[in-house]
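Observations on the model geometry
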Amino acid sequence: MKIEMENKGIDLVYLWVDGNDPVWQAKRNATIGKPEEKSAVNCEGRYADNDELRYSLRSVELYAPWIRKIFIVTDNQVPRWLDTSDPRIRIVDHKEIMPSESLPCFNSSVIEHFICRIPDLSERFLYANDDMYINRHVTPETFFASDGLPVIRLNRRWLRKYYLLFNERIRKKPLSNYNIIVRNAADLVEKRFGVYIGGKAHHNIDSYLKSDCLHVEEMFRKELQPTFSNHVREANDIQRSLYHYVALAERRGHLRYVSQKDSLRLHIQNRRHYDKLSKYNPMLFCMNDSEYAQESDRRFASEFLQKRFPEKSRFER
């Protein structure tokens, strides 16, 4: 029996923010302060909106038209170009799914723990940031195996646990916030199951079971609770890799180590990465903004996306 028949559809969830909105900016500045140019946790690139979501939705309509519903999780915002009358699209405000102590929230690592609370979310769902794109035709079986369990895509990292310890303790090299919060997830799973999973998230569209997310939330309720009041990224955050690591430890997922032909992450300030996209023609790609990108890089990325996905989708006005 096909997955979509068993599950009555597979949904897609996005996080989205318009960092150019002055109302939202005032809320952010009052809560966590203004962005810092070279901050990995609070820089302009973390909130900049260059219509990435518009092009991601175009890629979905083009290459994954079988998606049942698309949920866009936001903080009291709606993309100006989005046709909200389309029955397949729903805006989900943070207040609908997050507790009061988390609000307002500018920390995607916290928001991600609550997407499984979206009303009417299908049991099997995909999760994406707005800068993630489908580059070739995919099917439900791309993301869920014949037994209905998720395909978990990771970047292979040999001896990652010891590599991080070596950098931190021997080389005295501070770990990035991202590496710290992924390690937090891996450490929790090792303590609970006795296995350390060193594979690193491929930073692209991922698949989940809603019931597994709720199961993990209950399992680590005590450990997760202190992080929910982190309005900006902090060192004690627990990255969503936790859900995949538990699924692998409990043998409720199928591990796939990715190559650049499967999943490619571009840094928009590095023009050579665009050549890699052309060379490898990956199934999925991400165009990552950061504290290292300039406005010229964002303009270049927008122009590239317009050329790659020129046709309007049904989700646009």
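Structure: see above.
Residues numbered from 1 in each chain as written. Predicted model: local features only at pLDDT ≥ 70, side-chain atom pairs only at ≥ 80, totals over all residues. Heavy atoms only, no water.

1. Structural notes on the sheet that holds strand 1 (residues 11-15)
Read across the open sheet, the five strands follow the order 3-2-1-4-8; overall the sheet is mixed. Here the strands that pair on one side only, and so sit at the sheet edges, are strand 3 (89-93) and strand 8 (206-209). Mean inter-strand twist for the sheet, computed between neighbouring axes without regard to direction, equals 30°. In the sheet, strand 4 (residues 124-129) pairs with strand 8 via four bridges, with the strands oriented antiparallel. From the neighbouring strand, Phe 125 faces strand 8, where its bridge partner is Tyr 208. Of the strands in this sheet, strand 4 and strand 8 touch helix 10 (residues 210-219), which is tilted by about 75° from strand 8. (Pairing = 2+ DSSP bridges. Helix = DSSP H or I, 4+ residues; strand = E, 2+ residues; numbered from the N terminus. Axes fitted to C-alpha atoms, helices over the stretch in contact; angles between N-to-C directions. Contact = heavy atoms within 4.5 Å.)

2. Things to note about the packing of aromatic side chains
Across all of its chains, the model carries ten aromatic pairs by this definition. On the numbers, 5.5 Å between centres and 70° between planes, the contact of Trp 24 with Phe 106 is edge-to-face. Residue Trp 24 is located in helix 2 (residues 22-32), and its partner Phe 106 is located in the loop between helix 5 (94-97) and helix 6 (108-111); the two are separated by 82 residues in the primary sequence. The same class applies to Trp 24 and to Phe 106, which are both buried. Measuring from ring centre to ring centre gives 5.1 Å for Tyr 274 and Phe 304, while their planes differ by 70°; the resulting arrangement is edge-to-face. Here the residue Tyr 274 occupies a position in helix 13 (residues 272-280), and Phe 304 occupies one in helix 14 (residues 295-308), the gap between them amounting to 30 residues. Within the aromatic cluster, the residues linked to one another by ring pairs are Trp 24, Tyr 47 and Phe 106. Seen from the ring of Phe 300, Arg 271 lies directly overhead, with NZ or CZ sitting 4.0 Å from the centre. (Phe/Tyr/Trp six-rings, centres within 6.5 Å; stacked < 30°, edge-to-face > 60°. Buried < 20%, exposed > 50% of the residue type's maximum accessible area, 1.4 Å probe, protein only. Lys NZ or Arg CZ within 6 Å of the ring centre and 35° of its normal.)

3. Some points on the pattern of salt bridges
The tally for this structure, following the rule as stated, stands at 22 salt bridges. We note a salt bridge from Lys 161 to Glu 190, for which the minimum N-O separation is 2.8 Å. On the criterion of sequence distance, the pair formed by Lys 161 in helix 8 (residues 160-170) and Glu 190 in helix 9 (residues 177-193) is long-range, its members being 29 residues apart. The network of salt bridges with shared partners includes Asp 51, Arg 54, Arg 58, Arg 80 and Glu 316. (Salt bridge = Lys/Arg side-chain N within 4 Å of Asp/Glu carboxyl O.)

4. Thoughts on the environment of Ile 268
Among the secondary structure elements, Ile 268 is positioned in the loop between strand 10 (263-267) and helix 13. You can call Ile 268 buried: its relative accessible area is 4%. If we skip the residues at most four places from it in the chain, Ile 268 touches Tyr 274, Met 287, Asn 288, Asp 289, Ala 293, Asp 297, Arg 298 and Ala 301.

5. Here's the deal with a nonpolar patch on the surface
Together, Trp 158, Leu 159 and Tyr 162 make up an exposed nonpolar region whose accessible area comes to about 460 Å². In this fold, Trp 158 is placed in the loop between strand 6 (151-155) and helix 8. (Patch = residues over 30% accessible without salt bridge, like charges linked within 9 Å, V, L, I, M, F, W, Y side chains within 5 Å. Areas by Shrake-Rupley, 256 points an atom, 1.4 Å probe, with all protein chains shown as cover.)

6. Section: helix 10
Turning to helix 10, its buried residues number three or more, namely Asp 212, Cys 213, Val 216, Glu 217 and Met 219. Summarising the axial view, the buried residues of helix 10 lie within an arc of 160°, below the 170-degree limit, and thus occupy one face. (Arc of directions from axis to C-beta.)

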